[in-house]
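Secondary and tertiary structure notes
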Amino acid sequence: MSNLVQFVANYDDLSTDKGFQFKFHCDKCRNGYMSRFQPNAIGIAGSLLQAAGSLFGGLGGAENAAYHIQRAVGGKAHDEALQKAVAEGKQQFKQCTRCGHWVCPDACWNHSAGLCEDCAPDEQEELRAHQAQATQEQIRHKTRQQDYTQNIDFLNRDALLQCPNCQAKLTADQKFCGSCGTPNPAAKPQERHCTGCGAKLQPEQKFCAECGTKG
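Below is a summary of the structure that appears in this document. (Residues numbered from 1 in each chain as written. Predicted model: local features only at pLDDT ≥ 70, side-chain atom pairs only at ≥ 80, totals over all residues. Heavy atoms only, no water.)

**Points about the pairing of strand β3 (residues 22-25)**
- Bridge analysis of strand β1 (residues 11-13) against β3 gives 3 bridges, and the strand direction is antiparallel. Within β3, the residue paired with Y11 across the bridge is F24.
- Relative to strand β4 (residues 32-34), β3 runs antiparallel, the two being bridged by 3 bridges. Among the inter-strand pairings, H25 is bridged to a residue of β4, identified as G32.
- Linking β3 back to β4 in an antiparallel pair, the connection comprises 6 residues, with R30 at a positive phi of about 70 degrees. (Pairing = 2+ DSSP bridges. Helix = DSSP H or I, 4+ residues; strand = E, 2+ residues; numbered from the N terminus.)

Below you can see the structure in the form of structure tokens.
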């Protein structure tokens, strides 16, 4: 199996005392192929009985049990099962003659080049990927070129006013919310002036203190 080392180096051994099964992985995307289950044909029942009997065989019983269980799932039968699974699994992958990797033919193999896509990327896929990357970079660049703060008053430290009912943004000179009509509790009172002489009136004044005109 020396000529299969590259392939069998990338697999999971799912074998149990009931039989043998292996999952092989694509070296690039890690997609897997599960080999067919191969029942253990070397007398698992007898090996397990020996293991069970060893559990009651004295101080070394546990060690003997572990040994027999290991024999039940390992050894020559396991190696032969692995060879069969490798022969089966190889049919599901392609080996790149440039890098030696075994890859899945659907996602990671460039059929026109006869190499894996790490060694010979698909031209259209590469083009679309780089176009998308360039688009992202250009969007970031052009976004940073825009001035989004030119209308912000950086010297205005007044608190943000919101309608207590609908949370719409309000200004200090709004008496009512423009969205729902709720009175603005933080609205600044507008200045009043006498209609007769133009003197400034206080909010509580009913008559002008200068000319007596009714406010």
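**Regarding the packing of aromatic side chains**
- For the structure on display, the rule yields 2 aromatic pairs.
- Plain terms: the ring middles of Y11 and F22 are 6.0 Å apart, the flat faces sit at 65 degrees to each other, and that makes the pair edge-to-face. Placement of Y11 in strand β1 and of F22 in strand β3 is noted, with a sequence separation of 11 residues between them.
- Since its relative accessible area comes to 0%, F22 is described here as buried. (Phe/Tyr/Trp six-rings, centres within 6.5 Å; stacked < 30°, edge-to-face > 60°. Buried < 20%, exposed > 50% of the residue type's maximum accessible area, 1.4 Å probe, protein only.)

**Concerning the nonpolar core**
- One finds F22, F24, C26, C96, V103 and C116 to be the most contacted residues of the largest nonpolar core, which totals 20 residues.
- Taken together, the elements giving at least two residues each to this core come down to β3, α4 (75-89), β7 (102-103) and β9 (115-116). (Core = buried A, V, L, I, M, F, W, Y, C linked by side-chain atoms within 4.5 Å.)

**Description of unusual backbone geometry**
- If you check the backbone angles, R30 has positive phi at about 70 degrees while not being a glycine.
- Mapped onto the secondary structure, R30 falls in the loop between β3 and β4.
- What makes R30 partly exposed here is its relative accessible area of 47%.

**Overview of the pattern of salt bridges**
- Scanning the model with the defined rule gives 2 salt bridges in all.
- Across the salt bridge formed by E88 and R36, the nearest N and O atoms sit 3.4 Å from each other. Of this pair, E88 sits in helix α4 while R36 sits in the loop between β4 and β5 (38-39); the two residues are 52 residues apart in sequence, bridging distant segments of the chain.
- Residue classification places E88 among the buried positions, given a relative accessible area of 12%.
- We classify R36 as exposed; its relative accessible area is 62%.
- In this structure, E80 engages K76 in a salt bridge whose closest nitrogen and oxygen atoms are separated by 3.9 Å. Within this pair, E80 and its partner K76 are both found in helix α4, separated by 4 residues, close to a single helical turn.
- By relative accessible area, which is 39% here, E80 ends up partly exposed. (Salt bridge = Lys/Arg side-chain N within 4 Å of Asp/Glu carboxyl O.)

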